[in-house]
Amino acid sequence: MKDGKGVGFIMLLLCLWIVVGCCLGQNTSDSVTAVYIVTMKQAPVSHYYSEFRVKKGHDIKRSDSERRTRLDKPSNISRTDRHNGSYIARVHDSLLRRVLRGEKYLKLYSYHYLINGFAVLVTPQQADKLSRRKEVSNVVLDFTVRTATTHTPQFLGLPQGAWAKEGGFETAGEGIVIGFVDTGIDPLHPSFSDTPNKPYPVPEHFSGICEVTRDFPSGSCNRKLIGARHFAASAITRGIFNATQDYASPYDGDGHGTHTAATAAGNHGIPVVVAGHHFGNASGMAPRSHIAVYKALYKSFGGFAADVVAAIDQAAQDGVDIISLSITPNRRPPGIATFFNPIDMALLSAVKAGIFVIQAAGNTGPSPKSISSFSPWIFTVGAASHDRGYSNSIVLGNNITISGVGLAPGTDGDTMYTLVSAIHALNDTAAANDMYVGECQDASNFNQDIIQGNLMICSYSIRFVLGLSTIKQALETAKNLSAAGVVFYMDPFVIGFQLNPIPMRLPGIVIPSPDDSKVLLKYYNSSLEKDGVTQKIVKFGAVACISGGIKANFSHSAPKIMYYSARGPDPEDSFLDDADILKPNLVAPGNLIWAAWSSRGTDSVEFQGENFAMMSGTSMAAPHVAGLAALIKQKFPTFSPSAIASALSTTASLSDKNGDPIMAQRAYANPELNQSPATPFDMGSGFVNATAALDPGLIFDSSYDDYMSFLCGINGSSSVVLNYTGQSCGVSTMNGTDLNLPSITISKLNQSTTILRAVTNTAANETYQVGLSAPYGVSVKVMPTHFFIASGEKQVLSVFFDATMNNSVASFGRIGLFDMQGQLVCSGCRTVLLYPRGAANVRCSLCNAVTSVPQPGMEMAQLICGGCRTLLMHARGATSVRCSCCHTVNLVPAPNHVAHVSCGNCHTTLMYPAGAPSVKCAMCHYITNVNANNTVSNTRVPAPVHRPGGNPPSALTPSTSTATSNSHNQTVVVQNPMSVDESGKLVSNVVVGVTT
């Protein structure tokens, strides 16, 4: 799709988590040692190569119609130049010998490709000595890190869309290497075998190796899994690394790394069998991509930044095309800006080397400013649901049905089984003193004669959350007692805990709601018959049957932003000042994701011993985008990292499968009951659109030099930039708003400003027209309003912002660029449809649904169809409008018979027939009640609606929000438009983000 400008914030998904903290050291006679990351002033190897180069023969025609420039990533220079690496390592050793002559120290790593530096175990006094050397630019204390499908390819439209367009799943991603910094991989899993399909060659630009250990023997790698290493030196120095438990090899003893690698690039068509049940076939997003694993995180302790930086540095040197990181800091990096930390700065050098970097947003939502991925050169992914889910239910003998979770079979037919509570089936009165006996963890506590053939009721307490008790052990107890099934009720002290479906071999269900659990227990207790004298139970009268939860359910109200997905706006520093950067960048499927699991994985007790696991989090969302980025890289091998980011962002969808605005969950407890339309702070540009991203049209491109100018533009950053990069800040600097991103984010708008954006045409010659929807309280103008752009050419757009009123909350708008041939998503079956410019609607050839086509540049009004109550948009001034759904011709009220009101949610100006009690907004679907005296032509504008958790109002969502590659919608977000400062001048916070 072609891009336009817009205002918004973008955020990323669930992941490995970085826990920043002090490093524990070992006591010496003098002081405590710790690991420090030392950066040298001399540039690393990768900085000797430019980020872009123009290929010979592609910049020789100078006419307006024929000149063609191509963005090109440098070949992944190997990154095989061992002389440079060994020379730099010798320089590091020489420095340590000179500075710490006669003293004890231990060098852990020499970084030379992305960072010229080293990690060393020293005392604080020794670290101070190193920091004073003229060759040294920066010394930073190490910090810790830790970790945060069968159907998602179909939900993303890959089989009929992106895969089909590029030759099918058999070639999807071939030749692209994705590097995973995670917990390792299980090399024996069929998702990583190279035997199901014809062998395919290892890309020539990749030079990585596979470690050989007892846990990772020779032959573990193949033409699919082409590189595997592990990094644990920093952990080993602390004495917390257990080689047996943590596996001193690339082998995954956790499960998380195997899951993320398979999500992005696992083989196609691998059967998913868990607990003896078949749940379909799995595939990665780019099933023919190659995998390189850099293990730097471990189940028992997480990981450390020094090891993560070493892994990133090695991945870049090996020649990966994409780096996927499911790690985030558990607190904001200290200092003048969140961008200045060893991991982000290493990733900046990776971007300079042409590597696309994806990071999970974090699982700290839904509160504002909870985002854990900060830098504009990192593509941050948040987590959303997809349309497949699993539900279970139990029908009680009093005809009450209670819903629950559990990937379990149901009981036989409609047969009702007797319910027996575990605490009423004890075989030893002494066991009654065990307050946890009701959790069913030990079969020896119970009388089998009472349990046999009945449904056993067990309690689910906080001990299950902590891993002290497990569903698997309770099921084993029930099996040993010959129970017909198991019912878990929720302990009332477990508040707000969200359960994923849990695999069960027996009929079973977990009731996650404490209130529903009370309903079950009330029915059970009221049905007991007791001896009048002894009060012993003589009959268990309660009965029930379990429906089963193996069969998937599908919902049209997807995707939606998950409550745990971290939110923007992007905090620039520890004082929570807002950065002029949109985060997350977009959202992707991250909830209830099936993918490969390590056979020895221990991250989820319930999936131990299984080959697949269902996991949730932004860690699952990030690899979805990594795989989709591989498809883009395969089609556009010369795209820079920012060009790939632009293609993903400007083609993202703003609507769910119903065509309604994407919703965002706003609370941890009862998230389904606390949701409202998502804003760019929740979803960035929107939900990833895999097919549309392969036809981006116009792209926004940024270079390493741009990012450097941005860092240098931060007040007081010159010395920090020098310390991290070895480069001095020049005269030219820029603000975050000046970065050529597919969004415009202005945290403080002082009266007016002009923002420039440059678009590059990656498609054929085309003429574009600009359309926009301004944020509340801000006047927006884009110049030029239409333009012709040849293939390969650039066009600079000027966006003028003027604050028109005071406002203390963020508001959002969009700017769209529309080309000759349009594309939109069918309102019926979600197929991408093509239509000629000027078409009013388009009929889908698959489902025959008629979808209205947005008309760019047209001043629009709204009307509710008198036939089917569909909300219609029509050109202002039209006398009638025909509904595309029921074909009713609706007369448009004359101007003196209409009233105006501002939408109570997104502040769009709405027209409605005078006298109507309410009006529904076509942008965000919010229903605004108007004054009782609604015959007045100008109704009072309602106050802005504040969302739970303090989130800003919903983004404006024009009817073009479902467009894919022909129109580019940008989000305009205005925070606090036009506040008045002490001098009486109007100021405003404006955020403009680009989405499509």
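According to UniProt, the comment filed for the chain under the heading Sequence similarities (unreviewed entry) is "Belongs to the peptidase S8 family." Quoted verbatim from the Subcellular location (unreviewed entry) heading of the UniProt record, the comment on the chain is "Secreted".

This brings us to the overall build of the chain. Each helix and strand counted, the chain has 19 helices and 56 strands in total. Across the 996 residues that make up the chain, the buried fraction comes to 60%. Approximately 36600 Å² of the chain is accessible, and the part contributed by carbon and sulfur atoms is 51%.

For the rest of this paragraph, the subject is the sheet that holds strand S19 (residues 392-396). Strand pairs in the sheet, formed through backbone hydrogen bonds, run parallel or antiparallel to each other. Overall, mixed pairing links the seven strands, which are arranged S20-S19-S27-S21-S22-S23-S24 in an open sheet. Looking along the sheet, the strands with just one partner apiece sit at the ends: strand S20 (401-404) and strand S24 (508-511). With strand direction ignored, the average angle separating the axes of adjacent strands in the sheet is 30 degrees. Sheet topology note: the strand S22 (residues 455-460)/strand S23 (residues 485-490) ladder contains six bridges and is parallel. When the sheet's bridge partners are listed, Met 456 is paired in S23 with Val 486. Helix H12 (residues 471-480) rests against S22, S23 and S24 of the sheet, and its axis sits at about 140 degrees to S23.

Right, let's get into the state of the cysteines. Taken as a whole and judged by the stated rule, the model has three disulfides. There is a disulfide in this structure between Cys 440 and Cys 458, and the S-S distance comes to 2.0 Å. In this structure the cystine formed by Cys 440 and Cys 458 twists about its S-S bond by roughly -105 degrees; its chirality is therefore left-handed. Remark: Cys 458 occurs in strand S22 and Cys 440 occurs in the loop between strand S21 (417-421) and helix H10 (448-451); sequence separation between them is 18 residues. Taken as a pair, Cys 440 and Cys 458 share a single burial class, namely buried. The disulfide pattern of the chain is 1-2, 3-4, 5-6 when the bonded cysteines are numbered in sequence order.

So, about the packing of aromatic side chains. Per the stated rule, a full pass over the model turns up 21 aromatic pairs. Ring plane angle 90 degrees and centroid distance 6.2 Å describe the contact between Trp 594 and Phe 607, whose orientation is recorded as edge-to-face. Note that Trp 594 is positioned in strand S31 (residues 593-596) and Phe 607 in the loop between S31 and strand S32 (612-615), a separation of 13 residues in sequence. As far as burial versus exposure is concerned, Trp 594 and Phe 607 are alike and both buried. Taken together, the aromatic side chains of Phe 241, Tyr 298, Phe 301 and Phe 304 make up a single cluster linked through ring pairs. The cationic tip of Arg 238 hangs over the ring face of Phe 304; the distance from NZ or CZ to the ring centre is 4.0 Å. Lying over the aromatic face of Tyr 251, Arg 600 brings its terminal NZ or CZ to 4.5 Å of the ring centre.

Looking at the secondary structure, you find Thr 258 in helix H7 (residues 256-265). We classify Thr 258 as buried; its relative accessible area is 0%. For Thr 258, the side chain forms a polar contact with the main-chain nitrogen of Asp 186, separated by 3.0 Å. Residue contacts for Thr 258: discarding those within four places in its chain leaves Gly 184, Ile 185, Asp 186, Phe 192, Asp 252, Ala 596, Trp 597 and Ser 598.

As for its position among the elements, Tyr 564 is in the loop between strand S29 (560-561) and strand S30 (586-589). Judged by relative accessible area, Tyr 564 falls into the buried class, the value being 10%. Sequence spacing of Tyr 564 and Asn 363 is 201 residues, and the spatial spacing of their C-alpha atoms is 4.9 Å. Of the polar contacts made by the side chain of Tyr 564, one reaches the backbone nitrogen of Gly 617; its length is 3.4 Å.

If you look at the biggest cluster of nonpolar residues, it comprises 87 residues, and the most contacted ones within it are Trp 594 and Leu 648. The biggest single contributor to this core is helix H14 (residues 618-635), with 10 residues. If sequence neighbours within four positions are ignored, Leu 648 has contacts with Phe 356, Phe 379, Leu 586, Val 625, Ile 632, Val 688 and Ala 693. Counting residues in each nonpolar core, the second largest holds 68 residues, with Ala 310, Phe 340, Met 734 and Leu 741 among its members.

Now for the pairing of S19. With four of five residues buried, S19 lies mostly within the body of the structure. Inspection of the sheet shows S19 paired to S20 by four bridges, in the antiparallel sense. Looking across to S20, one finds that Ser 393 is bridged to Ser 403. Connecting the antiparallel pair S19 and S20 is a turn made up of four residues, with Asn 399 showing a positive phi of about 70 degrees. Relative to strand S27 (residues 543-546), S19 runs antiparallel, the two being bridged by three bridges. What sits directly across from Leu 396, in S27, is Ala 544.

Turning our attention to unusual backbone geometry. Gly 365 connects to Pro 366 through a cis peptide bond whose omega is 5 degrees. Of note, Pro 366 is situated in the loop between strand S16 (356-360) and strand S17 (379-384). Cis geometry is found at the peptide bond from Met 783 to Pro 784, where omega equals -5 degrees. Looking at the secondary structure, you find Pro 784 in the loop between strand S39 (778-783) and strand S40 (786-789). Positive phi values are uncommon outside glycine, yet Ser 482 reaches one of about 60 degrees. Within the secondary structure, Ser 482 is located in the loop between H12 and S23. Using a relative accessible area of 33% as the deciding quantity, one classes Ser 482 as partly exposed. Even without a glycine there, the phi angle at Gln 751 is positive, about 65 degrees. Inspection of the secondary structure puts Gln 751 in the loop between strand S36 (743-749) and strand S37 (752-761).

About the cut-offs
Every chain begins its residue count from 1, and numbering advances along the sequence as written. Residues qualify for local features only when their pLDDT is at least 70, as the model is predicted, and side-chain atom pairs are given and counted only at 80 or more; totals for whole chains, interfaces and linings, by contrast, use all residues. Based on all heavy atoms of the structure, the side-chain values leave hydrogens and waters out of the count. UniProt positions are given in the numbering used here, feature names are shortened, and annotations may be inferred rather than shown by experiment. What counts as a helix is a DSSP run of H or I of at least four residues, what counts as a strand is a run of E of at least two, and both are numbered from the N terminus. For every residue, the accessible area (1.4 Å probe, protein chains only) is compared with the maximum for its type, and the residue is labelled buried under 20%, exposed over 50%, or partly exposed between those bounds. Here, Shrake-Rupley sampling with a 1.4 Å probe gives the accessible areas, and only protein chains in the shown set may cover a residue. Here, any two strands with at least 2 DSSP bridges between them count as paired. Angles here are taken between N-to-C directions and fall from 0 to 180 degrees, while the axes themselves are lines fitted to C-alpha atoms, restricted in helices to the stretch in contact. Only heavy atoms matter for contacts: two residues are in contact if any of them lie within 4.5 Å across the pair. Two cysteine sulfur atoms form a disulfide, by the criterion used here, when they sit within 2.5 Å. When two rings of Phe, Tyr or Trp (its six-membered ring) have centres within 6.5 Å they constitute a pair, described as stacked for plane angles under 30 degrees, edge-to-face for angles over 60, and tilted for the intermediate range. Here, over-ring charges are defined by two tests on the NZ atom of lysine or the CZ atom of arginine: distance to the ring centre within 6 Å, and angle to the ring normal within 35 degrees. Distance and chemistry together define a polar contact, namely a pair of N or O atoms within 3.5 Å, with one atom able to donate a hydrogen and the other to accept it when in protein, and with adjacent residues in sequence counting only for side-chain atoms on both sides. The definition of a nonpolar core used throughout is a set of buried Ala, Val, Leu, Ile, Met, Phe, Trp, Tyr and Cys residues joined through side-chain atoms within 4.5 Å.

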